[in-house]
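# A structural walkthrough
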Amino acid sequence: MQLLEKLWDETTPIHLRQIQTVEIMRLTWVHQYFVERGKVRLRPAKDLPPAGQRFDSPYDPEAHYANKRTTTWVGYKVHLTESCDENQMHLITNVLTTHAHLADVDQTEKYTRH
């Protein structure tokens, strides 16, 4: 927070605020924290923007928060498609990496058996 305050001080050159990594850091802080009575506080879950719209990591702006059952993480999700013919070996037939907040069911391809 102190770094961001210094960057937005009127004596700091404006071009420093326009650096992409500085803007990502600023947005991450806006999404995750707030200042109350001079102290930095973590936003409660109910006050966070939706997972796909917020920055969860200043190091990787494309990494998003996700949870599946009891597991939570910030990153990505890998979707695997597996053959499931009876009496046949099951093989992975497709691999798709997406933003972590996207639902598995929305990633399945329309499949018609001929």
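This write-up is about the structure you can find in this document. Treat the numbers as computed from the prediction; the structure is a model and nothing was measured.

So, how was this worked out
- Residues numbered from 1 in each chain as written.
- Predicted model: local features only at pLDDT ≥ 70, side-chain atom pairs only at ≥ 80, totals over all residues.
- Heavy atoms only, no water.
- Pairing = 2+ DSSP bridges.
- Helix = DSSP H or I, 4+ residues; strand = E, 2+ residues; numbered from the N terminus.
- Axes fitted to C-alpha atoms, helices over the stretch in contact; angles between N-to-C directions.
- Expected span 1.5 Å × (residues − 1).
- Contact = heavy atoms within 4.5 Å.
- Buried < 20%, exposed > 50% of the residue type's maximum accessible area, 1.4 Å probe, protein only.
- Polar contact = N/O pair within 3.5 Å; in protein donor to acceptor, adjacent residues only side chain to side chain.
- Phe/Tyr/Trp six-rings, centres within 6.5 Å; stacked < 30°, edge-to-face > 60°.
- Salt bridge = Lys/Arg side-chain N within 4 Å of Asp/Glu carboxyl O.

### Some remarks on the pairing of strand E2 (residues 39-42)
- By the bridge criterion, four bridges tie strand E1 (residues 33-36) to E2 in an arrangement that is antiparallel. Bridge pairing in E2 places Glu 36 opposite Lys 39.

### A few points about the sheet that holds strand E5 (residues 92-99)
- Read from one edge to the other, the open sheet built from three strands follows the order E3-E4-E5, with strand pairing classed as antiparallel. One side of each edge strand has no neighbouring strand; the edge strands of this open sheet are strand E3 (64-68) and E5. Pairs of neighbouring strands in the sheet enclose a mean axial angle of 45 degrees, with direction left out of account.
- As paired strands, strand E4 (residues 71-82) and E5 are joined by seven bridges and run antiparallel to one another. Within E5, the residue paired with Tyr 76 across the bridge is His 99.

### Considering helix H2 (residues 20-32)
- Compared with an ideal rise of 1.5 Å per residue, which puts 13 residues at 18 Å, H2 spans 18 Å between its outermost C-alpha atoms and is within 8% of the ideal.
- In this fold, the buried residues of H2 make contact with helix H1 (2-7), E1 and E2.

### Quick word on unusual backbone geometry
- One non-glycine residue, Arg 37, adopts positive backbone phi at about 50 degrees.
- The residue Arg 37 is located in the loop between E1 and E2 in this model.
- Non-glycine residue Asn 87 carries a positive phi angle of around 60 degrees.
- Structurally, Asn 87 can be placed in the loop between E4 and E5.
- Residue classification places Asn 87 among the exposed residues on the basis of a relative accessible area of 77%.

### Here's the deal with the environment of Thr 93
- With respect to the helices and strands, the residue Thr 93 is situated in strand E5.
- Note: C-alpha distance between Thr 93 and Ser 83 (10 residues apart in sequence) is 6.5 Å.
- Setting aside chain neighbours within four positions, we find Thr 93 in contact with Thr 81, Glu 82 and Ser 83.

### Considerations on the side chain of His 79
- As for its position among the elements, His 79 is in strand E4.
- Side chain to side chain, His 79 and Thr 98 meet in a polar contact 2.8 Å long.
- For His 79, the residues in contact, after removing those within four places along its chain, are Asn 94, Val 95, Leu 96, Thr 98, Leu 102, Ala 103, Asp 104 and Gln 107.

### Concerning the packing of aromatic side chains
- Applying the stated rule across the entire model yields one aromatic pair.
- Between Trp 29 and Tyr 33 the ring centres are 4.4 Å apart and the planes differ by 35 degrees, which places this aromatic pair in the tilted class.

### Some points on the pattern of salt bridges
- Using the criterion set out here, one finds four salt bridges in the structure.
- Across the salt bridge formed by Glu 36 and Arg 41, the nearest N and O atoms sit 3.6 Å from each other.
- Since its relative accessible area comes to 34%, Glu 36 is described here as partly exposed.

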